[in-house]
Amino acid sequence: MITVRICQHQSCRKKGAAKVIQAFRSLAPAEVTIEPSSCLGQCGNGVMVLVLPDQIWYDRVRPEEVGAIVDRHLIRGEPIRAMLYRKFHPTQI
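How each quantity is defined
Residues numbered from 1 in each chain as written. Predicted model: local features only at pLDDT ≥ 70, side-chain atom pairs only at ≥ 80, totals over all residues. Heavy atoms only, no water. Salt bridge = Lys/Arg side-chain N within 4 Å of Asp/Glu carboxyl O. Buried < 20%, exposed > 50% of the residue type's maximum accessible area, 1.4 Å probe, protein only. Phe/Tyr/Trp six-rings, centres within 6.5 Å; stacked < 30°, edge-to-face > 60°. Helix = DSSP H or I, 4+ residues; strand = E, 2+ residues; numbered from the N terminus. Disulfide = S-S within 2.5 Å.

Undergrad: With reference to specific residues and values, describe the pattern of salt bridges.
TA: In the structure shown here, the tally under the stated rule is five salt bridges. The partner of aspartate 71 in a salt bridge is arginine 76, with the nearest N and O atoms 2.7 Å apart. You can call aspartate 71 partly exposed: its relative accessible area is 34%. Since its relative accessible area comes to 47%, arginine 76 is described here as partly exposed. Connected through salt bridges with shared partners, the residues Arg62, Glu64 and Glu65 form a single ionic network.

Listed below in structure tokens is the structure:
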């Protein structure tokens, strides 16, 4: 089962985390669990999105980018290289 956690803590919230989680909830397939998260420990790089169990991190996610993550990663299983959080994914997958 795929779970997507979206940080809803202070700095992510200021950067539009509520709209990002709203976009995931409206676009993700029913079998994907969308969860608001407390701080993911990457303040200043948000909105942070963590896809489990893949352990794939996306940073600076904007609501208009959610459709691409849903289509390519959640549906087709292909993480979007250009959007990966470089701290945890320093080389392309």
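On we go.
Undergrad: Talk me through the packing of aromatic side chains; I want residue IDs and the actual numbers.
TA: Tallied over the full model, the rule gives two aromatic pairs. For the pair tryptophan 57 and phenylalanine 88, a centre-to-centre distance of 4.8 Å together with 50° between the ring planes defines the contact as tilted. In this pair, tryptophan 57 is assigned in strand E4 (residues 56-58) and phenylalanine 88 in the segment after helix H3 (66-75), connecting sequence segments 31 residues apart. The class of tryptophan 57 is buried, set by a relative accessible area of 11%. Among the residues examined, phenylalanine 88 registers a relative accessible area of 35% and is labelled partly exposed. With a centroid separation of 5.3 Å and 85° between ring planes, the pair formed by tyrosine 85 and phenylalanine 88 is classed as edge-to-face. An aromatic cluster of at least three residues, connected via ring pairs, comprises Trp57, Tyr85 and Phe88.

Undergrad: Explain the state of the cysteines to me, using residue names and the numbers behind them.
TA: For the structure on display, the rule yields zero disulfides. The closest cysteine sulfur to the non-disulfide-bonded cysteine 39 is located on cysteine 43, 3.6 Å from its own sulfur.

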